[in-house]
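Each chain, letter by letter, is given below.
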Amino acid sequence: MAYMGSDNSGWSSGGPGVRPHAYDPYRQPELFRGVALRRMVAFLIDLVVLAIPVILAVIFIAVFGLITLGLGWVLFWLVSPASVIWALVYYGSTIGGPHSATIGMRLMDLELRTWYGAPGYFVLGAVHAVCFWISISVLSPFVLLIGLFNSRRRLLHDFVLGTVVVNTSVRSQLVEPARTY
């Protein structure tokens, strides 16, 4: 059953302790304008950022293997687990950082927030990446179709984790300035 918020500003689904959604796509459509396309571009940028250290590591192992007459090539088995760890640390630290956005998201003027408006944190960023990769592996590009049929442009893993991606510059303009007395 839905209830009116304590300040009568909007509806929420839940009981008295549940916070309403912080971002209303009908009252603030500019928060979600162009998010889907810019999110895809941000993903490609992040893919490049993730791939560069992995490629450098593979080149290093290949050269090290030549110098050690093939013994160094044993290190190639470390590339896959190190890549996964690197991706989790990257997403966790960037989404959990002060900008609540990966490098690609920052370049595209996007940030990740919880549905009630709080910034991201390390575990949320890492789990967000895991859920994204699992959903994209199972549903392939169809995971992007979900974002076209909801007003907040949320994808499947956003619904599961309770997150939303918004335009950074627009959100910062909507935030009330701190009161000084």
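Residues numbered from 1 in each chain as written. Predicted model: local features only at pLDDT ≥ 70, side-chain atom pairs only at ≥ 80, totals over all residues. Heavy atoms only, no water.

### Some details on the overall build of the protein
Note the cut-off: Put simply, DSSP H or I for four residues or longer makes a helix, DSSP E for two residues or longer makes a strand, and each gets a number counted from the N terminus. Think of it in three bands: residues with accessible area under 20% of the maximum for their type are buried, residues over 50% are exposed, and the middle band is partly exposed, with areas taken using a 1.4 Å probe on protein chains only. Whether two residues are in contact is decided by their heavy atoms, any of which lying within 4.5 Å being enough. Each accessible area is a Shrake-Rupley estimate made with a 1.4 Å probe; only the visible protein chains count as cover when residues are assessed.
Assigned secondary structure in the protein consists of seven helices and four strands. Along the protein, helices (α) and strands (β) appear in the sequence β-β-α-α-α-β-α-α-α-β-α when read from the amino end. Taken across its 181 residues, the protein has 33% of its residues classed as buried. Within the protein, residue pairs in contact and separated by at least 24 positions form 62% of the contacts whose partners lie at least 6 positions apart. For the protein, the exposed surface amounts to about 11,100 Å²; the carbon and sulfur share of it is 73%.

### Things to note about the packing of aromatic side chains
Just so we agree on the cut-off: Pairing of aromatic rings covers Phe, Tyr and the six-membered ring of Trp, with a centre-to-centre limit of 6.5 Å; geometry is then stacked below 30 degrees between planes, edge-to-face above 60, and tilted otherwise.
Tallied over the entire structure, the rule returns seven aromatic pairs. Relative to Phe64, the ring of Phe60 lies with its centre 5.9 Å away and its plane at 10°, an arrangement referred to as stacked. Of this pair, Phe60 and Phe64 both sit in helix 1 (residues 35-67), four residues apart, which is roughly one turn of the helix. Here Phe132 and Trp133 contribute two aromatic rings whose centre-to-centre distance is 5.4 Å and whose plane-to-plane angle is 75°, an arrangement assigned as edge-to-face. You can call Phe132 buried: its relative accessible area is 12%. Overall, Trp133 belongs to the partly exposed group, its relative accessible area being 34%.

### Describing the confidence of the model for the protein
Spelled out, the test is: Every residue gets a pLDDT, meaning the predictor's confidence in that residue, from 0 to 100.
On average, the protein scores 86 in pLDDT, and the residues at 70 or more come to 85%. Counting contacts from residues 1-12, a segment whose pLDDT is below 50, to residues more than four positions away or on other chains yields 19 contacts. The model gives residues 177-181 a pLDDT under 50, and that stretch makes zero contacts with residues more than four places away or in other chains.

### Re the environment of Leu88
Summarising the element assignment, Leu88 is placed in helix 2 (residues 79-95). A relative accessible area of 29% means that Leu88 is categorised as partly exposed. Separated by 42 residues in sequence, Leu88 and Val130 have C-alpha atoms that sit 7.8 Å apart. Discounting chain neighbours no more than four positions away, the residues touching Leu88 are Phe122, Ala126 and Val130.

### With respect to the pattern of salt bridges
Condition: By definition here, a salt bridge exists when the distance from a side-chain nitrogen of Lys or Arg to a carboxyl oxygen of Asp or Glu is within 4 Å.
Inspection of the entire model under this criterion finds three salt bridges. For Arg27, the salt bridge is made with Asp24, and the minimal N-O distance between the two is 2.9 Å. When its relative accessible area of 58% is taken as the criterion, Arg27 is described as exposed.

### Focus on the packing of helix 1 against helix 2
When two helices pack together, you describe them by how their axes are tilted relative to each other and by the distance separating the axes. Going by this rule: Orientation is described by axes fitted as lines to C-alpha atoms, over the contacting stretch for helices, and by angles from 0 to 180 degrees between their N-to-C directions. The hand of a helix crossing depends on one turn: near helix anticlockwise from the far one by less than a right angle means left-handed, and clockwise means right-handed. The classification used treats Ala, Val, Leu, Ile, Met, Phe, Trp, Tyr, Cys and Pro as nonpolar, Asp, Glu, Lys and Arg as charged, and all other residues, Gly among them, as polar.
Two elements in contact, helix 1 and helix 2, have axes separated by 11 Å at closest approach and are oriented at 145°. Helix-helix and strand crossings are classified by hand; for helix 1 and helix 2 the assignment is right-handed. Residues Phe43, Asp46, Val49, Leu50, Pro53, Val54, Val58 and Ile61 of helix 1 form the contact with helix 2, whose own contacting residues are Val79, Ser83, Trp86, Ala87, Tyr90 and Tyr91. Broken down by class, the residue content of the contact of helix 1 with helix 2 amounts to 12 nonpolar, one polar and one charged.

### Some points on a nonpolar patch on the surface
Rule in force here: Patch criteria: residues need more than 30% relative accessible area and no salt bridge. Like-charged residues are merged within 9 Å; nonpolar side chains of Val, Leu, Ile, Met, Phe, Trp and Tyr are merged within 5 Å.
A surface patch of nonpolar side chains, amounting to about 990 Å² of accessible area, comprises Val130, Ile134, Val138, Leu139, Phe142, Leu145, Leu148, Phe149, Leu156 and Val160. Looking at the nonpolar patch, the elements that each hand over two or more residues are helix 4 (122-139), helix 5 (145-148) and helix 6 (156-161). The element contributing the most residues to the nonpolar patch is helix 4, with four residues. Its location among the elements puts Leu145 in helix 5.

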